[in-house]
Amino acid sequence: MLHAGMNRDHPSTSTTTISSDNEKEKEDFVGNTLRMMPPSGKSVRFETDYYEGESFLVSKPSLLRTKSAIERKKSAIEAITRLQRHVPYCVMRDLTRDALRMNKKKDPLVMIPHTHRYKSALLFIDMSGFTKLSLLLGIENLSRVINAYFQKIIDEVTNHGGDVLKFAGDAVFAEWRAPNYDHINLSAKQRRDEVYSCVQMAATCAANVVATCSDYPVLNDDGVKISTLNVHCGLAYGEMVGIHVGNDYNRREFIVLGESIDQVTKACDAAKYGELMASPEANDILQRQRHKLKRGMSQRYLHGKNKMNKAKDSGKPVIIACKGEAYFEKTTNKKSPESKEGVSIPFDKIDFASLEHLQKLLSLYVHPVVLSDQTGRRNSQRNAKAMQERHRSEAELRSVYTLFIKPIVNTELTKDAKQNKELYNLLDDILDVVTSVLDGYKGHLRQFIVDDKGVILIATFGLRGSLSPNMATERVLPASRNIHSALQNDLGINNFIGITLGQVYCGVVGGIKRHEYAVLGPSVNLSARLLGMTNHPGILVNDDVRQEAIKWGTFSPFPPMKAKGYDKLVHVYQPLSATEAQWGKVNPRFVGRRNEIKSVCKLAQEMAIQYGPTKMFFVSGESGAGKSDFLVQTVAIMRRLLVTLKRSVVVKGNIGKEEDTLVPFSLFRSILRDILTESEPHAEGKSPVPRRSLFLSIARHLQIKSTLALSENASIASNNEDDDQNFDHVSFSSISEGNSIKGISKKQLQEICSKLGASKSLTLALFRYMSGKTVTNSVVAVEEKDQILNEIVDLMAKIFIRCSSHADLTVVALDEIQYTDIMSWKVIQKIYEIGGNILFICVSRRSGPQLYTDDMFWRKLHETGRQSGRFQELILGPLEQTDIAKMASIVLSCKEEELDGQFVRDIFDGTGGMPDFAFQALENCKRKGLHDRLGNKKIGWGNDTTELMAKFPSLDELLLQRIDDLDDFTRNILHLASVLGHSFTLFEIIGVSEHVLSIDEDQKQSHAEKLRTSLYTAVKEGILDESVPGQDGTDELKHVSFIDFSNYDAEEDEEKIISRSSSEEAEDRIYTFCLDAWRQKILSYLLESYKRDIHEHATSVMKLKFPDIDKRDYRTKLKLFHHLKQCGNGSILEAAELAINIGQSLRQEGMISQSILVHNEALDMWRKKSKTDDKSDSNSTVVMSQEVIKSMDQSQLTSVIKLLTGVAQLSLKLERSAYSLEIINIILEKMMPRTNLRNIDNSLLLIYPILWMLRNLRMSKQASSVLDEFVFHPIRRNSGGVARLMSAFSSRLTPVHEPLRVLFDIMMYVEGETEVIDEGFLLWALESNSLRFTESIDETLSKYGRCASSVGAEICLLLVQNHWHLDKRKKKLLVEKGCELADKALKRARKIGYYETPYLETKPVYDQLQQEMKNV
């Protein structure tokens, strides 16, 4: 504390003290004093009534010439006086010396990180009862009680000369430093006496604390006791190091390290309420002194003394005081060897600049809320006569987000000075990284502390002055992910973060002379508790945070926990972004694959060291080979390797899903959303993560014993067991995610697109695709969709390359690549072609579906890519028997050498060495108790499993056994789930099960609870995985978690399920089969009729949820389509119509290949009935047996013709004309003859698209023949002649028959098939009533191609262009008529937009007629 008395550092400097109750008198006196003051170096101290002894000190007259200068200096001293109460004495002393050196133009002493080694007695005072109190008292009473209690404790510490180092929540660290007399010759006894004096003073202080503060009653306004506060203490002595860490612009902290930290916390933990325990080291110092016991000492004192003597050799803390009893000789002297009465500052020797420097440095150690309050009070109350003697921010109860951040750092000091310096620098970097991120997101650092639990940083969001909308989604979670990623990736430090939201006490705690700003409450304690969760994934949140951030992403549930201050179990979740939801943790049971991992890591290492083109590593394997685990493990080891090599790496990943293969950009858009924030500037131009030169700090500070070499004998994984344990908790997603949020704004996208030169319309189109929407049906989208789509692919690739360019290596890990959609493949291809230092690691099922990539690109990869080393393939086969033994030791919790050889061989042989199958087999052994200790002490088959030894069950049998062990209801629910798909939602299965099981309305609630319990059981059994979806329209989920349920009590399971909050029960959940083998096994024994029934019920549920087909997105439409496909003949037509609808949507977006796939999936409903087995050639999409065609009714024939026609049209756009003609011939030869040709309109509409395909292929003669065969011939056959045609078989489309015949006749002349044009056509066209069509006819035909008006317009154009002798009048009439028709057709085409043919084929006719009009 500041004190202007005799300066111990400068004893020659004296002070003059002036007291006055009148401000005016002070100011007049100051002025007169300055005029009369001799230049003798004396300083002036003002003691004011409202500072009670605190000092205003004025410098030399030469530096302060005016009253304003006096006021400025006075203001600075006032601020220093207030702020110094928030820091320890030792910090104030160091900063004061620093200011003095600056004043003398010398380098400052406190160069960050600054350290000081010393010995001290350390006291830890732990209080309890505040959590309960916060629930009982209002804010005013709560603040009064807390600070009254703290005041008693702080008074004891300061009265006994102690220095309060930290307020750790509801605890206090205080120290009594032993003087450093190294420069003075003292005897050993004198030195021991000084040490004893420190320990005795600390012990006396603590004894007084437990005597006066134990069982402290809290009374209400009526004087009735409502609660009790209590305290217990620990005392230690040893060598410590004080460290100043931070920077000169936003935050500093003072922390202490040393052996005393562990001593004092162990002692306090051993103490009960009202007790003071001393560590063996502190107790030894107290016992070494030869003090005689006074007469009359109580027997308890003697008993305590004996216990202290016995504790000398026990190595355990010992009690030295209990409430009113002290078991040592207390001191009556209240002066410590190094008194903390204040820091004497000779202000006459400090210029104003140095004083401001001191104020600035001091403010860096104080909480920002306090600083903001100080600014306001200084401006408004600086001259107030009755300013409060104690500075304290206004206390309040408010909802605050609390973050406990725990970097995993070994803080043990060694004798190696260099190694210790690396530790100090690393702690400095940790604070720098965390505070930089917090500043970027407007968060506050509450504290940086090192205790027995390690390094802890406490941060808050939501304090006064920092509120904002969407706090959780826009600040808290992005900031926490940035901190987690920056510590892990930039500093190579694994770390855990716990985040909670709850109402807490916010305000100053402590005494008048020493206090700090703090937050206290149950949610703060819970945040600390979250750090100790088993299998911590990196970041965990409580349910309150999840509720506020539900739109941010996915939340994977963890086992609930009990917590202080909470009546019910606290539900805990891991927040996952869109990309993260695709990946699970590193599987702690992963074994083997060392050579395979080594080959991938070697490639990554080479790329990270030397820049080169993009490369691809393609991994494939059969089902059960553990491909996903291999990918996650490889990427995690790769990242750790590159960190040790001081190389930066960005990892992004996703997993393909079967239902998304036809959804445009479904795989890559979440990756792009994630990568966008890698180099994106944060709000207000501040980067949330300090971007230093690459791994600058790691080069100095990271403790790396040796670089991980990839030689033949090198070990990829660490041999350190602790490292491996921490590594097991590393999440692959946490590696790949930086500051990603699930959604992106248009502004964010516009910034990066603008830098890349993209137009606004292209940026908007990209944003819509990234959001999962379709491009608007504008003319531009229809006319130039192919070009726009290619530009979007290019733009996506360039954005990805740009945003990842800061890293030495970017890794894109893609699992289940066989389900990647075509457009995502195009982006991958583009990045491969133009990107650099990007490594794609793709994993695919070896016997899975064919990849949707371009054939030419795939050939290029295998040919030139393989030769140049840019493409490598790896096939995962079975594990070695030694690997299976390692897996068995993990599952059965034993050592490898304890396993019987025959047991391991049986497992290996029975599962073929496939890791997933072996794990299921071992789990089955463990669950059923099939293993036992043999006579040779080895673990092998039990006595009752002899038959199993001879014939090991297959994987199918193992899975079936596990399923049979479930209860009937759970099995039935899994039956429904397997039919619904690999992933399904809670709402979906509830709806379907209600339909299937005919649940009455009054039973639905109980049914839903029972169903959730069954799903929970399936999750525990490892059959399903549960995730909480986000609400931004992207439900890309396949989170595979390895949650440890070993601590669960089976009897409590039902209680835990029922105890979920109502809000949680109302939310949807997404469940995924952990292994596809589970689903396939269940499906294999279900009857086909039962499956169809389930699909029908699922269809009904989806229709109720999404009644409007136009409002369904691609994923919803496709899922509904797949259900309809499986419903049987009753829904086959509806499925076909939906496929046509989806195909048209995709075609309108330019997704030609995807549209073909949808059409072909619908056609498979009939193809699967065909007896043709040849599916290898190009005819596989066309072949359909004659028997199947004959079995179709008219409606089915119509649907199949429409589907095949769509495939033919789309194939033409891909320049596959021969294939299109093959389809056309099948339609015309095999299918059209079987339709009802008497229905002329239906026949015309079915062949109408074919007519235009033939016309565009310059096959107008064939088109005319088709028209004649299926329109005019049926008319003539059924009417007995053309004369009776119009009366007997009049149809709605009759007016277009003749124009079509005329058009194709003219086109035959143009194509050279005929020599002349019938002159009657010209006269017919010039007739006023010819070529006039109703709106109804135009509307009908435009759905199948060009409208009738478009046909008439082209007839006029062709007649004008091919009649050279035509006079101007007739030509003008034809052109005007043609322009009128073309304009009408074009307007309709623009309105439709959904279908491309009308516009694309009418616009050229319109343009040419306009040119002819100019010529006329």
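Small disclaimer: the values here were computed from a predicted structure and weren't measured.

Would you mind showing me how to read the overall build of the chain here?
When helices and strands are tallied, the chain shows 54 helices and 30 strands. Considering the chain as a whole, with its 1416 residues, one finds that 59% of them fall into the buried category. Considering only intrachain contacts with a sequence separation of at least 6, the fraction spanning at least 24 residues in the chain is 77%. Accessible surface computed for the chain: about 58600 Å², of which carbon and sulfur atoms make up 48%.

Just checking my understanding: could you explain the confidence of the model for the chain for this structure?
Fine structural detail should not be taken from predicted coordinates in areas where pLDDT scores are low. When pLDDT is averaged across the chain, the result is 76; 76% of the residues are at 70 or more. Segment residues 378–393 is flagged for pLDDT under 50; beyond a separation of four residues in sequence, or across chains, it makes 49 contacts in the model.

How should I be thinking about the sheet that holds strand β22 (residues 649–655) in this particular structure?
The strands making up a sheet are joined through hydrogen bonds of the backbone, oriented either antiparallel or parallel. Pairing is parallel in the open sheet, where 5 strands are placed in the order β22-β23-β24-β21-β25. Each edge of the open sheet is held by one strand with a lone partner, namely β22 and β25 (871–876). Going from strand to strand, the sheet's axes swing by 15° on average, the running direction of each strand aside. Where β22 and strand β23 (residues 809–815) come together, 7 bridges link them in parallel fashion. Its bridge partner being in β23, valine 650 is matched across the sheet by threonine 810. Packed onto the sheet, helix α18 (residues 668–675) meets β22 and β23 and runs at close to 150° relative to β22.

How should the packing of helix α26 (residues 822–834) against helix α27 (residues 855–868) be read in this particular structure?
Angle between the axes and distance between the axes are the two parameters that describe a pair of packed helices. Two elements in contact, α26 and α27, have axes whose closest approach is 11 Å; the angle formed by their N-to-C orientations is 30°. Accordingly, the angle class assigned to the pair α26 and α27 is roughly parallel. The hand of the α26/α27 crossing is left-handed. Side by side, α26 and α27 meet where Trp825, Gln829, Tyr832 and Glu833 of the first sit next to Phe857, Lys860, Leu861 and Gly865 of the second.

Explanation requested: the packing of aromatic side chains in the structure shown.
In this description, an aromatic ring pair is defined by two values, namely the gap between the centres and the angle between the planes. Counted by the stated rule, this structure contains 16 aromatic pairs. Considering the side-chain rings of phenylalanine 618 and tryptophan 858, the 5.2 Å spacing of their centres and the 70° angle between planes classify their relative orientation as edge-to-face. Highlighted residues: phenylalanine 618 in strand β21 (residues 615–621) and tryptophan 858 in helix α27, separated in sequence by 240 residues. Assessed through its relative accessible area of 23%, tryptophan 858 is described here as partly exposed. Look at phenylalanine 668 and phenylalanine 800: their rings are 5.7 Å apart centre to centre, the planes differ by 55°, and that puts the pair in the tilted class. In this pair, phenylalanine 668 sits in helix α18 while phenylalanine 800 sits in helix α25 (residues 785–803), placing the two residues 132 residues apart along the sequence. The exposure classification of phenylalanine 668 matches that of phenylalanine 800, with both residues buried. Feature note: the residues Phe130, Tyr149, Phe150, Phe167 and Tyr216 constitute an aromatic cluster, connected by ring pairs. Lying across the ring of tyrosine 573, arginine 546 places its NZ or CZ 4.5 Å from the centre.

I tried to follow the nonpolar core on my own but got confused; where do I start?
For soluble globular proteins, the rule of thumb is that nonpolar side chains tend to be buried together. In terms of nonpolar packing, the biggest core is built from 149 residues, with Phe665, Ile799 and Trp1166 touching the most fellow members. Contacts of phenylalanine 665, omitting those with residues within four sequence positions, involve Tyr769, Leu789, Ile792, Val793, Met796, Asp821, Met823, Ser824, Val827 and Met1151.

Is there a simple way to think about the state of the cysteines in this case?
Chemically, a disulfide is nothing more than a covalent bond linking the sulfur atoms of two cysteines. One pass over the structure, following the stated rule, counts 0 disulfides. Looking at cysteine 1379, it has no disulfide partner, and the nearest cysteine sulfur is the one in cysteine 1356, 9.0 Å off.

What should I look at first to understand the pattern of salt bridges in this one?
Opposite charge on two side chains permits pairing when their charged atoms draw close. All told, the structure shown has 36 salt bridges when counted by the stated rule. In this structure, glutamate 1380 engages arginine 1332 in a salt bridge whose closest nitrogen and oxygen atoms are separated by 3.3 Å. Residue glutamate 1380 is located in helix α53 (residues 1368–1392), and its partner arginine 1332 is located in the loop between α50 (1320–1326) and α51 (1335–1342); the two are separated by 48 residues in the primary sequence. When its relative accessible area of 41% is taken as the criterion, arginine 1332 is described as partly exposed. Several salt bridges converge on common partners, so that one network encompasses Glu1335, Asp1338, Lys1384 and Arg1388.

Could you clarify how one ought to interpret unusual backbone geometry in this entry?
In most cases, non-glycine residues show a negative phi, while peptide bonds are predominantly trans. Located in the positive-phi region is arginine 593, a residue other than glycine, with phi close to 65°. With respect to the element layout, arginine 593 can be found in the loop between β20 (570–576) and α16 (594–609). Non-glycine residue serine 893 carries a positive phi angle of around 55°. By the secondary structure assignment, serine 893 is in the loop between α28 (881–891) and α29 (901–911). For serine 893, a relative accessible area of 61% translates into the label exposed.

Can you help me understand the packing of helix α45 (residues 1217–1231) against helix α46 (residues 1240–1256) in this one?
Direction vectors running N to C along α45 and α46 enclose 140°, while the axes themselves pass 11 Å from each other. On the basis of their axis angle, the class for α45 and α46 is oblique. The handedness of the crossing between α45 and α46 is left-handed. Within the contact between the two elements, α45 uses Leu1221, Ile1224, Ile1227 and Leu1228 and α46 uses Ile1247, Ile1250, Met1253 and Leu1254. Class assignment of the residues belonging to the contact of α45 with α46 gives a composition of 8 nonpolar, no polar and no charged.

Sorry, what's going on with helix α6 (residues 188–213) here?
At 3.6 residues per turn, the α-helix brings residues three or four places apart onto the same side. Taking 1.5 Å of rise per residue, 26 residues should cover 38 Å, and α6 covers 37 Å from first to last C-alpha, within 8% of that figure. One or two steps after α6, the chain reaches aspartate 215, where phi turns positive at roughly 50°.

Help me understand the pairing of β20, please; the structure alone is not making it clear to me.
Successive residues of a regular strand alternate their side chains across the two faces of the sheet. Summarising burial for β20: 7 of the 7 residues are buried, a large majority. Taken together, the 2 bridges between strand β18 (residues 539–542) and β20 define a ladder with antiparallel strand orientation. Paired with valine 541 across the two strands is tyrosine 573, which belongs to β20. Sheet topology places strand β19 (residues 554–561) next to β20; 6 bridges connect them, and they run antiparallel. Counted as the bridge partner of phenylalanine 558 is valine 572 from β20.

Would you take a moment to explain the pairing of strand β24 (residues 838–845) for this structure?
Burial analysis of β24 places 7 of its 8 residues in the buried class, the great majority of the element. Relative to β24, β21 runs parallel, the two sharing 7 bridges. Of the residues in β24, the one forming a bridge with lysine 615 is leucine 839. In this structure, β23 lies alongside β24, joined through 5 bridges in parallel fashion. The partner of leucine 814 across the bridge, within β24, is cysteine 842. The β-α-β motif built from β23, the intervening α26 and the parallel element β24 has right-handed crossover chirality.

Honestly, helix α17 (residues 627–644) in this entry has me stumped. Any pointers?
Under the 1.5 Å per step criterion, the end-to-end length of α17 is 26 Å for 18 residues, consistent within 8% with the ideal 26 Å. When you tally the buried positions in α17, you get 16 out of 18 residues, the bulk of the element. Positive backbone phi, approximately 60°, marks lysine 646, located one or two places after α17.

Is there a simple way to think about the side chain of asparagine 542 in this case?
Along the chain, the position of asparagine 542 falls in strand β18. There is a polar contact of 3.4 Å between the side chain of asparagine 542 and the backbone nitrogen of leucine 501.

So what exactly am I meant to see when it comes to the environment of proline 588 here?
Inspection of the secondary structure puts proline 588 in the loop between β20 and α16. Spatially, the C-alpha atoms of proline 588 and isoleucine 890 are 8.8 Å apart, while their sequence positions differ by 302 residues.

Looking at this model, I keep getting lost on the environment of proline 575. Mind explaining?
Its place among the elements puts proline 575 in strand β20. With relative accessibility at 2%, the residue proline 575 sits in the buried group. A sequence separation of 33 residues divides proline 575 from asparagine 542, and the C-alpha atoms of the two residues are 10.0 Å apart.

How each quantity is defined
Residues numbered from 1 in each chain as written. Predicted model: local features only at pLDDT ≥ 70, side-chain atom pairs only at ≥ 80, totals over all residues. Heavy atoms only, no water. Helix = DSSP H or I, 4+ residues; strand = E, 2+ residues; numbered from the N terminus. Buried < 20%, exposed > 50% of the residue type's maximum accessible area, 1.4 Å probe, protein only. Contact = heavy atoms within 4.5 Å. Areas by Shrake-Rupley, 256 points an atom, 1.4 Å probe, with all protein chains shown as cover. pLDDT = per-residue confidence, 0-100. Pairing = 2+ DSSP bridges. Axes fitted to C-alpha atoms, helices over the stretch in contact; angles between N-to-C directions. Parallel < 35°, antiparallel > 145°, perpendicular 65-115°, else oblique. Left-handed = near helix turned anticlockwise from the far one by under 90°. Phe/Tyr/Trp six-rings, centres within 6.5 Å; stacked < 30°, edge-to-face > 60°. Lys NZ or Arg CZ within 6 Å of the ring centre and 35° of its normal. Core = buried A, V, L, I, M, F, W, Y, C linked by side-chain atoms within 4.5 Å. Disulfide = S-S within 2.5 Å. Salt bridge = Lys/Arg side-chain N within 4 Å of Asp/Glu carboxyl O. Nonpolar A, V, L, I, M, F, W, Y, C, P; charged D, E, K, R; others polar. Expected span 1.5 Å × (residues − 1). Right-handed = clockwise from strand over helix to strand, strands pointing away. Polar contact = N/O pair within 3.5 Å; in protein donor to acceptor, adjacent residues only side chain to side chain.

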